[in-house]
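# Examining the three-dimensional arrangement
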Amino acid sequence: MAAKPNAASRLQIDLVDLDEDRERPALAVYAVDRAGTVLHRADVDARGVAAVPPAVLEKASELLVGPPLETLEGIERSSLARFHAGDVLEHLKERRPLELGPADWGKFFLG
């Protein structure tokens with residue numbers, strides 16, 4: 001069972017314009033460094049919350065949001081929602097959600 005995020009690591013992912021009666025797609029976040037190495041991976045729960053420690057974001061280059069995968073090997077990074085790690089860290093510190101528009105989250109539905 002995954003650890004629940006504490007207040008400092010609780011990142012909210014909002015899906016803009018998602019119909020209330022539509023189930024959220026399964027998502028995960030991936031903190032990656034400049035070389036593309038995954039430093040941290042966390043599932044996004046049913047409420048849209050993922051655990052992302054600030055210390056990870058300080059070392060990361062980007063935070064990627066996409067479907068939950070075992071590895072990002074062979075995945076075209078442009079197919080994922082991408083955020084600069086420093087911007088995500090500010091969202092986390094200010095407790096502001098990351099917003100994904102339909103152009104981003106819509107491609108994560110299978111069928």
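Residues numbered from 1 in each chain as written. Predicted model: local features only at pLDDT ≥ 70, side-chain atom pairs only at ≥ 80, totals over all residues. Heavy atoms only, no water.

## Some thoughts on the sheet that holds strand E2 (residues 27–32)
With respect to topology, four strands assemble into an open sheet ordered E3-E2-E5-E6, the strand pairing being antiparallel. In the strand order of this sheet, the two ends are held by strand E3 (38–44) and strand E6 (81–84), each with one partner. Within this sheet the neighbouring strands show an average axis-to-axis angle of 20°, counted without direction. Sheet analysis places strand E5 (residues 62–66) next to E6, joined by four bridges and oriented antiparallel. For valine 65, the partnering residue across the bridge sits in E6 and is alanine 81. (Pairing = 2+ DSSP bridges. Helix = DSSP H or I, 4+ residues; strand = E, 2+ residues; numbered from the N terminus. Axes fitted to C-alpha atoms, helices over the stretch in contact; angles between N-to-C directions.)

## Observations regarding the pairing of strand E1 (residues 10–15)
In the sheet, E1 pairs with strand E4 (residues 49–51) via three bridges, with the strands oriented antiparallel. By the bridge assignment, arginine 10 is partnered in E4 with alanine 51. Bridge count between E1 and strand E7 (residues 98–100): three bridges; the pairing is parallel. Paired with aspartate 14 across the bridge in E7 is glutamate 99.

## Quick notes on the sheet that holds E1
In spatial order, the strands read E4-E1-E7; together these three strands make up an open sheet with mixed pairing. Where the open sheet ends on each side, the last strands, each with one partner, are E4 and E7. Pairs of neighbouring strands in the sheet enclose a mean axial angle of 30°, with direction left out of account.

## A word on the side chain of glutamine 12
For glutamine 12, the position within the fold is in strand E1. Glutamine 12 sits in the buried class, given a relative accessible area of 18%. For glutamine 12, the side chain forms a polar contact with the side chain of aspartate 14, separated by 3.2 Å. Here glutamine 12 is in contact with Arg47, Gly48, Val49, Pro97 and Leu98, once residues within four sequence places are set aside. (Buried < 20%, exposed > 50% of the residue type's maximum accessible area, 1.4 Å probe, protein only. Polar contact = N/O pair within 3.5 Å; in protein donor to acceptor, adjacent residues only side chain to side chain. Contact = heavy atoms within 4.5 Å.)

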